[in-house]
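# Descriptive structure summary
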Amino acid sequence: MLTITSRRSGELSALRLFTYQSPNSLVSRASGAAGRKLKVTRRTAYRPTATVATSSLQRRDAFPILGRVIPVAYVELMTFEQPLPRSLSPSRLADFQTCPRRYQHASVERIAQPASYATAKGRFVHYIFEQLFKLEASERTITAARSFLPAAREYILTPEVREEIVLDEATEAKLLVETDTIIERYFTMEDPRTITSEGIELRVGVTVDDTPLFGILDRLDRDEEGNLVIVDYKTGSLPNRNYDSQTFANAELYAVLCEEKLHERPTKIRLLYVSQGETIERTVTEVVIKARASAAAAAWKKIRSYYDDGFFPATPSKNACRFCSFYERCRDAGVPVAPR
Ligand code: SF4
């Protein structure tokens, strides 16, 4: 006999692991395998009423669900040694919304995610713009921006990062050329000498609806009409229009942070896609602020619940898993990740 219990409630809650499976199929398979009936109380939450007899389910065994084989070890609940993070940032919220298991690995277990060329380039470019905006407005020239390249090499391309992204001479030369192109394109997008910035790399922490939120804004500008504008540099590709609502998600949560902290709502979000030299803007509305705040609060509630249960479900998908740092870990644990 094996009783799977939740640390919080003492009830069996492990079947929530399978929310990406068909509930009926799961229940019939599981109860068939265990020889007991399980009660489904909601479509996505299972509350089995009895201890499950698992004589045929040894811990290292596997049983098929919908043609896939899920190792029993994968459903094992765990007690986290680490405390929950003290706050939720927009990027961690995005992790959780994409795949709770990714949040578990990155934010609860704090498993280091090695740098990639793309993340190193992002940090490299952000560093240069940060230094540029530390200068007096009149000094923010393209020559000044280029003058920060050596410092960026020193502070961002540390020996660890160089090792992680296997930065040989050719790759470093490529990075420098791409950064130079980005600087050139940036100066066609705006003239930093005319910009009034209220803050750069602004750290903001607030509590909204009992949810501790924290974020670091690239830039918070004051426009000519006297309104606050959130500015975010993007070094990736321009988004597909179909993913429009996700494109602004992080920045809209920054707007929540600003409103709560400064008691002033930013009126606009400006995303600078510096690799392409394109800017995308969106107006901030009350509806957006409320929706983002309530999505964050709902996620935080779930995070706490999963943490207490000792389990964050994995929701593998082609898009989510493709660039995920935990791909091998999940695959080895039996999560049905799509082949890369
Ligand atoms: S590899 Fe896929 S399933 Fe695993 S944590 Fe990443 S996104 Fe989630």
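Our subject is the structure that appears above.
Report on the accompanying structure. (Residues numbered from 1 in each chain as written. Predicted model: local features only at pLDDT ≥ 70, side-chain atom pairs only at ≥ 80, totals over all residues.)

## Regarding the overall build of the chain
Applicable threshold: The numbering of helices and of strands both runs from the N terminus, where a helix is a DSSP run of H or I of at least 4 residues and a strand a run of E of at least 2. Residue burial here comes from a neighbour count, namely the number of other C-beta atoms, placed from the backbone, that lie within 10 Å of the residue's own C-beta, with 20 or more meaning buried, 12 or fewer meaning exposed, and in between meaning partly exposed. Residue pairs qualify as contacts under a 7 Å threshold applied to their C-beta atoms, which are placed from the backbone.
Each helix and strand counted, the chain has 13 helices and 7 strands in total. The buried share among the 340 residues of the chain stands at 30%. Expressed as a percentage of contacts within the chain between residues at least 6 apart in sequence, the contacts between residues at least 24 apart total 64%.

## Here's the deal with the pairing of strand β4 (residues 211-222)
Short version of the rule: At least two bridges found by DSSP between two strands are what make those strands a pair.
Pairing of strand β3 (residues 196-208) with β4 involves 11 bridges; the strand directions are antiparallel. Opposite arginine 203, over in β4, you have isoleucine 216 as the bridge partner. Hairpin geometry of β3 and β4 is characterised by an intervening segment of 2 residues between the two adjacent antiparallel strands and by a positive phi of about 50° at aspartate 209. Two elements, β4 and strand β5 (residues 228-234), share 4 bridges in a ladder whose sense is antiparallel. What sits directly across from arginine 222, in β5, is leucine 228. The antiparallel pairing of β4 with β5 creates a hairpin that spans 5 residues between the two strands, and glycine 226 there sits at a positive phi of about 90°.

## Details of the environment of glycine 122
When you line up the elements, glycine 122 lands in helix α4 (residues 117-134). A tally of 17 C-beta atoms within 10 Å means that glycine 122 is categorised as partly exposed. Sequence separation between glycine 122 and glycine 236 is 114 residues, and the spatial gap between their C-alpha atoms is 8.1 Å.

## Here's the deal with the sheet that holds β3
Quick note on the threshold: Every axis in this analysis is a line fitted to C-alpha atoms, fitted for helices over the stretch in contact. Angles between the N-to-C directions lie between 0 and 180 degrees.
Across the sheet, 5 strands lie side by side as β3-β4-β5-β6-β7; this open sheet has mixed pairing. Where the open sheet ends on each side, the last strands, each with one partner, are β3 and β7 (278-283). Ignoring strand direction, the axes of neighbouring strands in this sheet form an average angle of 35°. Pairing analysis gives 6 bridges linking β5 to strand β6 (residues 268-273), with the strands arranged parallel. Each residue of the ladder has a partner; that of tyrosine 233, found in β6, is leucine 272. On top of the sheet, helix α10 (residues 249-262) reaches β3, β4, β5 and β6; it is set at about 80° to β3, its chief contact.

## Points about the nonpolar core
We count it as follows: In this usage, the nonpolar core is the set of buried Ala, Val, Leu, Ile, Met, Phe, Trp, Tyr and Cys residues whose C-beta atoms join them within 7 Å.
Counting 52 residues, the largest nonpolar core has Ile128, Ile230, Tyr254 and Ala255 as the members making the most contacts within it. Here this core gets 8 residues from one element, more than from any other, and that element is helix α11 (residues 286-309). When sequence neighbours within four positions are dropped, the list of residues in contact with alanine 255 reads Ile230, Arg265, Pro266, Ile269, Val284 and Ile289. Residues Cys99, Ala314, Phe326 and Cys330 belong to the second largest nonpolar core, which totals 8 residues.

## Here we look at helix α3 (residues 100-108)
Taken across its 9 residues, α3 has 7 buried, putting it largely inside the fold. Of the positions making up α3, those classed as buried are Arg101, Arg102, Tyr103, Gln104, His105, Ala106 and Ser107. Looking one or two places after α3, you find arginine 110, whose phi comes out positive at around 55°.

## A few points about the packing of helix α2 (residues 90-98) against α10
Stated formally: Orientation labels follow simple angle bins: below 35 degrees gives roughly parallel, above 145 gives roughly antiparallel, 65 to 115 gives roughly perpendicular, and whatever is left gives oblique. If you view the pair so one helix is near and one far, a crossing is left-handed when the near helix is turned anticlockwise from the far one by less than a right angle, and right-handed when it is turned clockwise. Under the grouping applied here, Gly and all other residues not named as nonpolar or charged are polar, the nonpolar ones being Ala, Val, Leu, Ile, Met, Phe, Trp, Tyr, Cys and Pro and the charged ones Asp, Glu, Lys and Arg.
With their axes 9 Å apart at the nearest point, α2 and α10 run at an angle of 130° to one another. Our classification of the angle between α2 and α10 gives oblique. Judged by the twist between their axes, the crossing of α2 over α10 is right-handed. On α10, the residues that touch Pro90, Ser91, Leu93 and Ala94 of α2 are Ala249, Asn250, Leu253 and Tyr254. Its residues assigned to classes, the contact of α2 with α10 shows 6 nonpolar, 2 polar and no charged.

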